Structure formats: C-alpha cells, structure tokens
Amino acid sequence: MSASHDELDSRAQATTAQVVRWRRHLHQHPELSNREVHTAALIADELTSLGLDEVRRGVAGYGVVGVLRGGLPGDRVIALRADIDALPVPDLCGVPFASHVVDQNYPGGPFPVSHACGHDCHTAMLLGAATVLAGMREKLPGTVLFVFQPAEEGPPVGEKGGAREMLAEGALDDPEPTMAFGFHVTPYPKGYIGYRVGNQFGASCLIKIGITGQQVHGSTPWMGIDPLPAAGAILTGIGQIYRQVSAFDPVTVSIGHVEDVGRFNIIGQSVTLWGTIRCSVEADMGEVQQRVRTLAENSAQAYNCSATVEFLQDVPAVHNEQAWMDAALPTFRRVAGDERVVPTGATLGYDDVSEFVNKYGGLYVTLGVQDAELNAEGMPVPVAGGRGLFMNHNPHFYADDDTLVTGVRLHAQVAYDHLTGVIVPK
C-alpha cells in the first residue's frame, strides 16, 4: 500500500460520521423513481460545497453528475455510479430513522416509500468518496465523474428515465469515461466484497399483459365474458415456463401486480397483469418473451377473451469481463482483506448500471452489510444473536452503518488505481 492509499483510507475514515448522517437522512426521506427532487438537491449542494469543477443538475430527470479534474496530467476518466431512488415498500427495518413517507400522487399509488434496496447507502458512500477524492485532487491524474443516477428501479410506465436516459442526454460525453464502477449492498457478511466474472446480474424486462372480456353484472355471468379465469390460467401457466427452456441457464417469470376494474358484484371489462422476466443468459430473453406471448394470447382465447402483451423497460445483463476483474482484485483485497473478497453465484436481480459498464468497460460488485457469515457451501447464513438476513426489496431489509466506510474506501481506492494505471484490462 502506497502513501497515497494510506491517505485515501485516512480521509475515508474521517468521513464516517458524515456519511452515516447522510445515509440516515436519505433513509428517512426516500423518493420514488423520477421523483427524487430533494435527494438530488442534497447531492448537488454537497458536491458544490466540495468545490468540484462542475456539478450537472437535472440530468435525465433528477440525476446529478459531479466532475472532478485532478491536479496531475492524465487521460483516464472513471465514472463512479450510485443510484438514488427508493421503492414503493413499507419500512419495517426497525431503526429510529425509519421512513414514514407515503407518496400520495405517484402513478398507481398512494404508496409507502422506503430505501428497501439500499440506495440510501449507495448515495451516502459516493458522497463520502467525493469528499475524499476532492481533498486529494492535486494528487490525482485524470478525471473522476460522480454519477448519481435516478430511476434505477424503473420509471413509471410511459416515462423515460434511468441509466439509458442519462446516456441519451449525453451526460457522460465530456469527458467520456475509460471505466465505470459501482457496487450494490446485499444481505451478505458485513464488509465482504462479492464478485463474479461473467454476468453478475441478469437481463430483465417488464411485462404488461392486458386481458379484455365483456363487463356484466355478477348475477348474470353468461351475459358477458369474464376476464378473470383467463388471468388465472395465464398466472398458472407462467409458473411452468421455466420448464420450457434449459434448466442449466436459470430464468424466472414473475407477476407482481394484478389490476382489476371490477367490483364485488361486477364482472369487469379487463384485467392487467404486471410482471418481470429475468434471464441469467441474455440471449434467452427473446425465447422467453415469445413463450409468454403465446401463453397469454392463447389462454385468453380459450376463455373467449383477447390479450395484448407488451415488453417494456428492457435492461441488459451486468457483465464483468475477466481482464477487468483480474486487474481490480488486488484493490478489492486491499480494501476488504483477502478472506473477505469472495466469488458469488449468479443472480437474477438486475441493475441498469449495465448500460454504463457495457459502453465504457468496468466492473460492478456487491458489498455485504448484514449480520451474516458464510457456511461451508459459501452461502450467507444469519449470525446467532444478529438481526437476521433480509433480501433487498423486503420491508425488513437493513444495512449496517459501520460498513459504509468500507464502501467509501472501495470507491476511492478503485478510482485512484484506475487513474494511476493499476486497474486497466491487460
């Protein structure tokens, strides 16, 4: 470890209390995708206070990009990315700073709102890294972009947003990154960095299935066409689609929301099913989509209904190249310790950071933040007397504040090592 690495760690440690304060404030005041008004204002104000060369506001809605040009000559540009939006999920994690926010106006709402995916941690840790690196700018060759991305969870249907929209608006065109980097907090042992060569996260799309019948009074169903039996048949059939593709490349099709326009004594005209497809191998997406379409259209027809199927908000897989990982593993091990940097299995979660990594090259990994240990098979299990394990998007999801400084160090050390030519694919 060089003197500069030591200074990065020392400066990161000094940010700990402020990073925790940022995280707790953000956790208590979450905002849904494409509505991150106050979150973006806080980020932009904090970046401005650091004296960055440029702070770009209002990118792809409420995105913020901070530009820090180092004091030494250098052509490399690293984009450090954090997502900033929350979820329509109640907060049951049991902390004093739990969210009590309810968004009354969000499409489909009202919704309770919480950071049940940990984006509050991501935002606070990247602000901490910006603080560290801004304090060492005279020792940095090249440029750091601090990319705070809105709508990672997906904007409301019909709205644009997320990483793809940031790219479409040219948010990272000048200067263009030579590496994109980020990480996601997970229910894994605290301070562990998980990595995977290949697809770290799967490919994804949103499904909208509209089933149309004929509305009628509940006392005379033969006088109309009930769309609910068709919806039930589609729901049952979707649970079998995984058996129609290779069992060695996992896929899942899940329906998370059923929208009906009927009443207890009215058979409604239509039913809408909302769901998601996830594929561990991106090339399987087209086949799975076609099987969903075939199932929906023919099941509806069997009940004298009609169905329309739309696939929206497609997100490519997050893919880590071997050459990038080989270059970065020594940095990861310096940050977390050799025994705390471990390979992980594939996941069907998605993250549109893939748009940045695909375009510029780079890496995306995970950071454990819960009371866990690894069993003999390398799987996380709860620690006796701890808070348990809760997956992202669960109302009980939590993150340990003491782990946040590890995330600050991870961003700062990766940025420095890329700018100085250590983390580059050979």
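These notes cover the structure that comes with them.

What counts, and where the lines are drawn
Residues numbered from 1 in each chain as written. Predicted model: local features only at pLDDT ≥ 70, side-chain atom pairs only at ≥ 80, totals over all residues. Heavy atoms only, no water. Core = buried A, V, L, I, M, F, W, Y, C linked by side-chain atoms within 4.5 Å. Buried < 20%, exposed > 50% of the residue type's maximum accessible area, 1.4 Å probe, protein only. Helix = DSSP H or I, 4+ residues; strand = E, 2+ residues; numbered from the N terminus. Lys, Arg positive; Asp, Glu negative; His and termini not counted. Salt bridge = Lys/Arg side-chain N within 4 Å of Asp/Glu carboxyl O. Contact = heavy atoms within 4.5 Å. Phe/Tyr/Trp six-rings, centres within 6.5 Å; stacked < 30°, edge-to-face > 60°. Lys NZ or Arg CZ within 6 Å of the ring centre and 35° of its normal. Pairing = 2+ DSSP bridges. Axes fitted to C-alpha atoms, helices over the stretch in contact; angles between N-to-C directions. Expected span 1.5 Å × (residues − 1). Parallel < 35°, antiparallel > 145°, perpendicular 65-115°, else oblique. Nonpolar A, V, L, I, M, F, W, Y, C, P; charged D, E, K, R; others polar.

## Structural notes on the nonpolar core
Within the largest apolar cluster, 63 residues are counted, with the highest numbers of intra-cluster contacts made by Leu133, Phe146, Phe148, Phe181 and Phe332. Counting residues per element, this core draws most heavily on helix α4 (residues 119-134), which supplies ten residues. Among the nonpolar cores identified, the runner-up in size contains 27 residues, and Ile209, Ile241, Met285 and Leu295 belong to it.

## What to know about the side chain of Glu153
Positionally, Glu153 belongs in the loop between β6 (141-149) and α5 (163-168). Although buried, Glu153 forms no salt bridge, and the nearest oppositely charged side chain, Arg278, lies 6.9 Å from it. Those residues in contact with Glu153, other than ones at most four positions away along the chain, are Ser33, Asp85, Ala86, Leu87, Cys117, His119, Tyr350 and His393.

## Focus on the packing of aromatic side chains
Scanning all chains against the criterion turns up six aromatic pairs. Centre to centre, the rings of Phe181 and Phe183 are 6.1 Å apart; their planes meet at 50 degrees, and the pair counts as tilted. Side by side, Phe181 and Phe183 carry an identical accessibility label, which is buried. When the ring of Phe201 is compared with that of Tyr364, the centres are 5.7 Å apart and the planes differ by 55 degrees; the resulting orientation is tilted. Here the residue Phe201 occupies a position in strand β9 (residues 198-201), and Tyr364 occupies one in strand β18 (residues 362-370), the gap between them amounting to 163 residues. Like Tyr364, Phe201 is buried. What links up through ring pairs into an aromatic cluster is the set Phe181, Phe183 and Phe332. Over the aromatic face of Tyr398 sits the side chain of Arg387, whose NZ or CZ is 3.9 Å from the ring centroid.

## Observations regarding the sheet that holds strand β12 (residues 251-260)
The four strands are arranged β12-β14-β10-β15 in an open sheet whose pairing can be described as antiparallel. Edge positions in the sheet fall to β12 and β15 (306-315), since each has one partner strand and no second. When the angles between neighbouring strand axes are averaged without regard to direction, this sheet yields 20 degrees. Sheet analysis places strand β10 (residues 203-212) next to strand β14 (residues 270-279), joined by ten bridges and oriented antiparallel. Each bridged residue has a counterpart across the sheet, and for Ile209 the counterpart in β14 is Leu273. Along the sheet, helix α6 (residues 227-238) makes contact with β10, β12 and β14, crossing β14 at roughly 10 degrees. Along the sheet face, helix α7 (residues 285-302) touches β10, β12, β14 and β15 and points at about 160 degrees away from the line of β15.

## Topic: the sheet that holds β6
Spatially, the eight strands line up as an open sheet ordered β1-β2-β6-β3-β7-β18-β8-β17, and their pairing is mixed. Sheet topology places β1 (54-59) and β17 (341-343) at the edges, where each strand pairs with a single neighbour. Strand-to-strand twist of the sheet, defined as the mean angle between neighbouring strand axes without regard to direction, takes the value 25 degrees. Taken strand by strand, helix α10 (residues 404-419) contacts β3 (72-83), β6, β7 (179-189), β8 (193-195) and β18, and its axis lies near 150 degrees from that of β3.

## With respect to the pattern of salt bridges
All chains considered together, the criterion is met by 21 salt bridges. Between Arg81 and Asp83 there is a salt bridge, and its shortest N-O distance comes to 3.6 Å. A salt bridge links Glu310 to Lys208; its shortest N-O distance comes to 4.0 Å. Residue Glu310 is found in strand β15, and its partner Lys208 is found in strand β10; the two are separated by 102 residues along the sequence. Classification of Glu310 by relative accessible area gives partly exposed; the value is 34%. Here the salt bridges do not stand alone but share partners, grouping Arg23, Arg24, Asp120 and Asp401 into one network.

## So, the environment of Val37
Within the fold, Val37 resides in helix α3 (residues 37-49). Looking at Val37, the relative accessible area reads 38%, which means it is partly exposed. Remark: the alpha-carbon pair of Val37 and Ile266, spanning 229 residues in sequence, is separated by 40 Å.

## Section: α3
Look at α3: 19 Å from first C-alpha to last across 13 residues, which is about the 18 Å you get at 1.5 Å a residue. Among all positions in α3, only Thr39, Ala40, Leu42, Ile43, Ala44 and Leu47 are buried. Here the buried face of α3 lies against α2 (16-28), β1, β2 (63-69), α4 and β6.

## Overview of the packing of α2 against α10
The geometry of α2 relative to α10 is characterised by a closest axis approach of 9 Å and an angle of 110 degrees between their N-to-C directions. Judged by the angle between their axes, α2 and α10 are roughly perpendicular. Taking contact as the criterion, the partners of Thr16, Val19, Val20 and Arg23 in α2 are, on α10, Leu404, Val405 and Val408. Tallied by class, residues from the contact of α2 with α10 come to five nonpolar, one polar and one charged.

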